[in-house]
Amino acid sequence: ILSEDAPAPVACVARFDAMLARRAAREPISHIAGEVAFWGRSFLCDRRALAPRPDSATLIAAALAWGRAQASPPSGIADLGTGTGCLILTLLAEWPHARGVGIDLSPDALTLAAENAARLELGPRVRLARGDWLAGEDGPFDLIVSNPPYIETGVLASLDPEVRSIDPVLALDGGRDGLVAYRALIPQALAVLR
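Figured I'd write up the structure that's included with this text. Everything numeric in this text was worked out from a predicted model, so none of it was measured.

1. Points about the pattern of salt bridges
What the rule picks out here adds up to 11 salt bridges. Between Asp 177 and Arg 183 there is a salt bridge, with the nearest N and O atoms lying 2.3 Å from each other. Given the relative accessible area of 23%, Asp 177 is considered partly exposed. One network of salt bridges, with partners in common, ties together Arg 23, Arg 26 and Glu 162.

Shown next, in the form of structure tokens:
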């Protein structure tokens, strides 16, 4: 704005052109930017996991409201299918005394979650584990959060290219009726909730 008559530096133009080409190829803006704002914090975001979605914010709002209604805030939290770590890390940031575990089947997602935990200085309070929902976890947990895959397998091919071609299928495919993850994780959650 201060130098509106000056030409843009060549390196800046090249970077901008590269970003435009990525967007023209339908890559999500959050991946091009490399980060996304979520609940007042910045999370690294790329092809390793889904970017935080509005339903993730709804889940955080519900969890925080539930926590306010308790005699004391939860101290042990599990996040199933942690992805970027946005759920567990946001809750740990909001509840400074809490500790938690973020579980994901994808090693790539866990690496991304670890990077976000380090950026937010929450690494010492979160354990990131590779696993199939709560298998092998003894708990007990005060709160379990999850935004699992819920898209029916037959619908995946009709999704927008930004989702269908970029996001990990593991984070999207909810099976024939979209409820496979729910059938697996709900009984496991009931066994380890305090």
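2. Some details on the side chain of Asp 167
With respect to the helices and strands, Asp 167 occurs in the loop between α6 (161-164) and α7 (180-192). Residue Asp 167 is classed as buried on the basis of its relative accessible area of 6%. For Asp 167, the side chain forms a polar contact with the side chain of Arg 53, separated by 2.8 Å. If we ignore the near neighbours within four places in the chain, the residues touching Asp 167 are His 31, Ala 49, Leu 50, Arg 53, Glu 162 and Leu 172.

3. Structural notes on the layout of surface pockets
In this model, the largest pocket occupies a volume close to 760 Å³. Lining the largest pocket are 44 residues, with Asn 147, Pro 148, Pro 149, Leu 170 and Ala 171 sitting closest to its centre. Those elements that provide at least two residues to the lining of the largest pocket are α3 (54-68), β3 (76-80), α4 (86-94), β4 (99-104), α5 (107-119) and α7. Among the elements that line the lining of the largest pocket, the one with the most residues is α7, at three residues. Its residues assigned to classes, the lining of the largest pocket comprises 24 nonpolar, 11 polar and nine charged.

4. A look at the nonpolar core
With 22 residues, the main nonpolar core has Ile 77, Leu 89, Leu 91, Leu 92, Trp 95 and Leu 143 as its most contacted residues. When residues in this core are grouped by element, the largest group, six residues, is from α4. Once residues within four sequence positions are removed from consideration, Leu 92 is found in contact with Ile 77, Ala 98, Arg 99, Gly 100, Leu 122, Arg 125 and Val 126.

5. A short note on the pairing of β3
Across a regular strand the side chains alternate sides, sitting on one face of the sheet and then on the other. The element β3 is extensively covered by neighbouring structure, given that five of its five residues are classed as buried. Burial of the side chains of β3 extends over both faces: Gly 76, Ala 78 and Leu 80 are buried on one face and Ile 77 and Asp 79 on the other. Where β3 lies against β4, five bridges are found, and the strand directions are parallel. Looking at β4, one finds that Ala 78 is bridged to Val 101.

Criteria and thresholds
- Residues numbered from 1 in each chain as written.
- Predicted model: local features only at pLDDT ≥ 70, side-chain atom pairs only at ≥ 80, totals over all residues.
- Heavy atoms only, no water.
- Salt bridge = Lys/Arg side-chain N within 4 Å of Asp/Glu carboxyl O.
- Buried < 20%, exposed > 50% of the residue type's maximum accessible area, 1.4 Å probe, protein only.
- Helix = DSSP H or I, 4+ residues; strand = E, 2+ residues; numbered from the N terminus.
- Polar contact = N/O pair within 3.5 Å; in protein donor to acceptor, adjacent residues only side chain to side chain.
- Contact = heavy atoms within 4.5 Å.
- 1 Å grid on protein atoms, 1.4 Å probe; cavity = no way out; pocket = protein on both sides within 12 Å on 5 of 7 lines; lining within 4 Å.
- Points joined across faces, edges and corners; volume = space filled by probe spheres on them.
- Nonpolar A, V, L, I, M, F, W, Y, C, P; charged D, E, K, R; others polar.
- Core = buried A, V, L, I, M, F, W, Y, C linked by side-chain atoms within 4.5 Å.
- Pairing = 2+ DSSP bridges.

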